[in-house]
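Structure at a glance
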2 protein chains.
Amino acid sequence: MSSATDKICILGSGNWGTTASRILAENVHKIPTIDKTINMYVYEEMVDGKKLTEIINTRHENVKYLPGHKIPDNVVAIPDIVEAVKGATLLIIVTPHQFVEGMLKKIKDHIDTSRTRAISLIKGITIGKEGTATISMLTKEYLGIDVTVLSGANIANEIAAGQFCESTIGYECKQSAHLWKQLFETPTFRLSCVDDVIGVEMCGALKNVIALAAGFVDGLRMGNNTKAAIIRIGLVEMRKIAPYFSSTIKHETFLESCGVGDLITTCYGGRNRRLGEAFVATGKSMETLEKEMLNGQKLQGYSTAGELYQFIKEKNIVEEFPLFVKVYQICYEGADVNALFSGLNVSLQNSI
Amino acid sequence: MSSATDKICILGSGNWGTTASRILAENVHKIPTIDKTINMYVYEEMVDGKKLTEIINTRHENVKYLPGHKIPDNVVAIPDIVEAVKGATLLIIVTPHQFVEGMLKKIKDHIDTSRTRAISLIKGITIGKEGTATISMLTKEYLGIDVTVLSGANIANEIAAGQFCESTIGYECKQSAHLWKQLFETPTFRLSCVDDVIGVEMCGALKNVIALAAGFVDGLRMGNNTKAAIIRIGLVEMRKIAPYFSSTIKHETFLESCGVGDLITTCYGGRNRRLGEAFVATGKSMETLEKEMLNGQKLQGYSTAGELYQFIKEKNIVEEFPLFVKVYQICYEGADVNALFSGLNVSLQNSI
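The sections below set out a description of the structure shown in this document. (Residues numbered from 1 in each chain as written. Chains lettered and ligands numbered in written order. Predicted model: local features only at pLDDT ≥ 70, side-chain atom pairs only at ≥ 80, totals over all residues. Heavy atoms only, no water.)

The final tally for this structure, using the stated rule, is 21 aromatic pairs over all chains. Measuring from ring centre to ring centre gives 4.0 Å for Phe245(A) and Phe311(A), while their planes differ by 5°; the resulting arrangement is stacked. Of this pair, Phe245(A) sits in helix H9 (residues 224–245) while Phe311(A) sits in helix H13 (residues 300–314), placing them 66 residues apart in sequence. Phe311(A) shares its class with Phe245(A); the two are buried. Relative to Tyr332(B), the ring of Tyr302(B) has its centre 4.5 Å away and its plane inclined at 10°; by these criteria the two rings are stacked. (Phe/Tyr/Trp six-rings, centres within 6.5 Å; stacked < 30°, edge-to-face > 60°. Helix = DSSP H or I, 4+ residues; strand = E, 2+ residues; numbered from the N terminus. Buried < 20%, exposed > 50% of the residue type's maximum accessible area, 1.4 Å probe, protein only.)

Under the fitted operation, chain B is carried onto chain A by 0.0 Å of movement along the axis and a turn of 180°, and the coordinates agree to an RMSD of 0.0 Å. What the superposition gives is, in effect, a two-fold axis relating one chain to the other. Within chain B, the C-alpha atom positioned nearest to the axis of rotation is that of Ile264(B), 4.0 Å from it. Here 100% of the interface residues in chain B have copies in chain A that are interface residues too; the copies meet face to matching face. (Least-squares fit on C-alpha atoms with pLDDT ≥ 70 in both. Contact = heavy atoms within 4.5 Å.)

Taken together, the contacts link 53 residues of chain B with 53 residues of chain A. For the pair chain B and chain A, the summed buried area comes to about 4600 Å², and 55% of that belongs to carbon and sulfur atoms. Sorting the residues of chain B by area buried against chain A places Phe164(B), Asn225(B) and Ile352(B) first, and these three jointly supply 19% of that buried surface. Applying the counting rule to chain B against chain A returns 6 salt bridges. (Buried area = accessible area lost by both parts, 1.4 Å probe. Salt bridge = Lys/Arg side-chain N within 4 Å of Asp/Glu carboxyl O.)

All names here are of chain B. Topologically, Gly-152 is positioned in the loop between strand E10 (146–151) and helix H6 (156–160). The exposure class assigned to Gly-152 is buried, which follows from its relative accessible area of 0%. Residues Gly-152 and Gln-163 lie 11 residues apart in sequence; the distance between their C-alpha atoms is 14 Å. Non-local contacts of Gly-152, meaning those with residues more than four positions away in its chain, are made with Lys-123, Glu-166, Ser-167, Thr-168, Ser-257, Cys-258 and Asp-262.

What follows concerns the pattern of salt bridges. Across all of its chains, the model carries 40 salt bridges over all chains by this definition. A salt bridge links Arg273(A) to Asp218(A); the shortest N-O distance between them is 2.7 Å. Linking Arg273(A) in helix H11 (residues 271–282) with Asp218(A) in helix H8 (residues 197–219), this pair joins segments that are 55 residues apart in sequence. Like Asp218(A), Arg273(A) is buried. Lys140(B) is paired through a salt bridge with Glu172(B); the nearest N and O atoms lie 2.6 Å apart. Placement of the pair is Lys140(B) in helix H5 (residues 135–143) and Glu172(B) in the loop between strand E11 (165–170) and helix H7 (174–184), with a sequence separation of 32 residues. For Lys140(B), a relative accessible area of 29% translates into the label partly exposed.

Note that every value here comes from positions in space, so none of it alone points to a role or purpose.
Below, the structure written as structure tokens:
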């Protein structure tokens, strides 16, 4: 313990945060310079009359968000965020997207920014009039520290079950990438590193819009070919729009797990696909389906589709992105879902 | 009729050939210079006591290979291949892969090579000690004519049903690409053109090897993430191995329908996936499964996996293609199917 110079705090305890805690609690033993006790900030709630933090700290299981999987004893659940980050130099950001900003405000005066770095496991961006804000951008803005991101075809439950999965680390600082890779990689959870933070984050957000379209295809009871076409066109549009957000985004990033891997898994599983399908099958609005099917949570693909369309319109590039535009028109403007397929000749080559 | 300078012959009448005949029989009306009567070479067989050619020419339906879909009257089934190619200047090659060479030998003295061009709709290559032979290469070798290829996420039955699908035209001659696009494209079957014949053909063959691996994942009852990882790694290995076959292959081709699109659809449907799954579930050999499940037909992914491995070994690049190699070892050398997942860190970026 005395030689430890770093300490981990996991900010969030949903199913991904809890899964991450299990991995980190094992891997931390490989790195002498990191304190073996891992703090996990847990938004306190009552489960069957008991506090969730108490359940985690005594039964060593997150019975609400990752039931059936043991959490090692060296993970300590803490309900107070300021208490949780005390002494922490390695922050894992894994709360729901909409809570990040508030959380950063709360912790910013309580961490030693000179020797702290963070990794974000969150998918989702905000595309606003004042520009685009990714989690790494927000974190940098509030904390001024090095931020790495981790994103990919990494549904928490499958990772927790030890199934082979992979993910992508997007980094600015190579040393940080090396450290985070050591901390997160396991024999069945493989990580590749790319020097492209924003590219990795864009992939994680944009793929949700395509997943809505994949859900439409399922709702229309169309076949494998149609779905593959939509996924492929989605991938091409994701790659094509990237430079409008940042000139630093690399083409190769879209062939990593964060790109095509996550896109495929999201278009076959995941809730964006599921609500897309229900949208067609039921004829209900997205807002209604959010309420009915997501228990009041927000559907990321739906809000991103809206923000993305405003961005596309302002840049005057509607013609270049027929699929993104169709998804918007179908979700927000009542366009016929069959219109999804018209004008979708999308290629990276010159047309003939 | 008198102004017609070109005439179409479809060489093959399986479900894709028959589907193509329906498209061509409509689209031919848009191009004045092409004879409206389309010859279709049909390998003669008896169906319920009647000749298949007679059934097609009287009932205008291929009851054996595409039941339930009408074939327009301007398609004429012909059992004699020499008779079928008489006067033809636009050849559609769509027989099973293993019959192409024999067929080319039969027709080579019966076509006017100075004004004939061909398009191949066939997926599958032969990787031998003397080099790699694609259908376009074979056709050029025997006929010495311009050859275009068409390949993509285009399962015939879904196209015949009018579901939205897309495909890729790989061309050498731009004018040919333009003509074939006019002939094959419909409002629901969209085509992009790439200046990369061999790249399009390589995609169509290599994806079958990855589909076996996807089938293994299904046989092991693993989840969406694992499958997405295998598909992604497969795509990267396909792209990485391409330059060893030809320096002209373009990266962008792998993002067309012939690449990632066809790969996805094949890994979720298709018989390579199905046999891969059965291989794990039953423990039977691939040869046995071919006999039991394919009625004696050959499984393309299986033979390609074997040929590809020899190629990889001879080039001394085993380390670079763990997935291709694992599929070979599992199919041919009795390796444990769980070994599929070890050593699969595959990225296009430099490793950290």
